[in-house]
Amino acid sequence: MSRKEQPSVLLVEDEPAQREVLSYNLEAEGFRVAQAENGDEALLLVEEETPDIIVLDWMLPAVSGIEVCRRLKTSPETRSIPIIMLSARSEEVDRVRGLETGADDYVVKPYSVIELMARVRAQLRRVRPSTVGQQLVYDDILLDAESHRVFRDEQALKLGPTEFRLLATFMEKPGRVWSREQLLDRVWGRDIYVDTRTVDVHIGRLRKALCQHGGNDPVRTVRGAGYSLG
Ligand code: CA
């Protein structure tokens, strides 16, 4: 893929660790990634690079994400670039405010990286329809990240949101052993406190969900280490 064909994303996030994780994942998805750590830098980079899509943190020093969003959405040159806002605020009123400012989508922290990637692809598909969505396949299990649906042996499975994120994490790297702490980071996000026993509870639910129409339990318990798929 040439540089020009490769979709580009501008990532605006002031926390280096979060920026690194997201940038790594976006690059793995085939994006060209430009990074900005504050609002001013973001506005400058948009002018220079005209990204296909912008992932924008709400809480930024100086010029806030909301303000960046408002400015980009009121300018005719940048209005059509999709913006996904990231926010630790989960109240409905903030969500509405975010969308009113013109954001195209809104993701509440802690989010799963897989979910965010699906949202990015969904927005990208509007502006660059040639980009197709992602499906993960393992054995007879199929997970469609965009429609949020899971099938086993072609039968739809009922799955809670946490079980969905757990399964998506497993299906990204079948055979990889995940410790409970790693699963907590990945599925629940490191910003909130959850007991590691919660992981066991949801693994139990996932196992049950995967076998709701029969079939073997594909989740393996690795004693002293954690869990893996297959
Ligand atoms: Ca921030």
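Residues numbered from 1 in each chain as written. Predicted model: local features only at pLDDT ≥ 70, side-chain atom pairs only at ≥ 80, totals over all residues. Heavy atoms only, no water.

A. Local environment of the environment of Ala 225. Tracing the backbone through its elements, the reader meets Ala 225 in the loop between strand 10 (219–222) and strand 11 (226–229). With residues near it in sequence (within four places) discarded, Ala 225 still touches Val 177, Trp 178, Ser 179 and Arg 180. (Helix = DSSP H or I, 4+ residues; strand = E, 2+ residues; numbered from the N terminus. Contact = heavy atoms within 4.5 Å.)

B. Highlighting the pattern of salt bridges. Per the counting criterion, the structure on display carries 14 salt bridges. The salt bridge involving Asp 140 is made with Arg 152; its shortest N-O contact spans 3.2 Å. With a gap of 12 residues between them, Asp 140 in the loop between strand 6 (135–138) and strand 7 (141–144) and Arg 152 in strand 8 (residues 149–152) connect regions that are remote in the sequence. Classification of Asp 140 as partly exposed rests on a relative accessible area of 31%. Judged by its relative accessible area of 8%, Arg 152 is buried. Residues Asp 195 and Arg 197 are paired through a salt bridge, measuring 3.0 Å at the closest nitrogen-oxygen approach. A relative accessible area of 25% means that Asp 195 is categorised as partly exposed. For Arg 197, a relative accessible area of 58% corresponds to the exposed category. Residues joined by salt bridges that share partners form a network here, namely Glu 13, Asp 57 and Lys 109. (Salt bridge = Lys/Arg side-chain N within 4 Å of Asp/Glu carboxyl O. Buried < 20%, exposed > 50% of the residue type's maximum accessible area, 1.4 Å probe, protein only.)

C. Expanded view of the coordination of the calcium ion. Bound to the calcium ion are the protein donor atoms Asp 14 (OD), Glu 15 (OE), Asp 57 (OD) and Met 59 (O), situated 2.1 to 2.9 Å from the metal. Each donor residue of the calcium ion lies on the same chain, and together they follow the pattern D-E-x41-D-x1-M. With a gap of 43 residues between them, Asp 14 in the loop between strand 1 (8–12) and helix 1 (16–28) and Asp 57 in strand 3 (residues 53–57) connect regions that are remote in the sequence. Given a relative accessible area of 26%, Asp 14 falls into the partly exposed group. You can call Asp 57 buried: its relative accessible area is 1%. (Donors = N, O, S within 2.8 Å, 3.2 Å for Na, K, Ca; no water.)

D. Seen up close, helix 3 (residues 65–74). Every buried residue belonging to helix 3 is among Gly 65, Ile 66, Val 68, Cys 69, Leu 72 and Lys 73, and all of these are buried. Each buried residue of helix 3 sits inside an arc of 160 degrees when the element is viewed along its axis, so together they form one side. (Arc of directions from axis to C-beta.)

E. Examining the packing of helix 6 (residues 161–172) against helix 8 (residues 196–210) more closely. Where helix 6 meets helix 8, the axes come as close as 9 Å, and the angle between the chain directions of the two elements is 85 degrees. For the element pair helix 6 / helix 8, the angle class is roughly perpendicular. Note on element contacts: helix 8 touches helix 6 through His 202, Ile 203, Arg 205, Leu 206 and Leu 210, opposite Thr 162, Glu 163, Leu 166, Leu 167 and Phe 170. Looking at the contact of helix 6 with helix 8, its residues break down into 6 nonpolar, 2 polar and 2 charged. (Axes fitted to C-alpha atoms, helices over the stretch in contact; angles between N-to-C directions. Parallel < 35°, antiparallel > 145°, perpendicular 65-115°, else oblique. Nonpolar A, V, L, I, M, F, W, Y, C, P; charged D, E, K, R; others polar.)

F. A look at the environment of Tyr 111. Assignment of secondary structure puts Tyr 111 in the loop between strand 5 (105–108) and helix 5 (113–127). When its relative accessible area of 11% is taken as the criterion, Tyr 111 is described as buried. Leaving out residues up to four positions away in the same chain, Tyr 111 has contacts with Gln 18, Leu 22, Leu 86 and Leu 116.

By themselves, these figures tell us nothing about what the structure is for.
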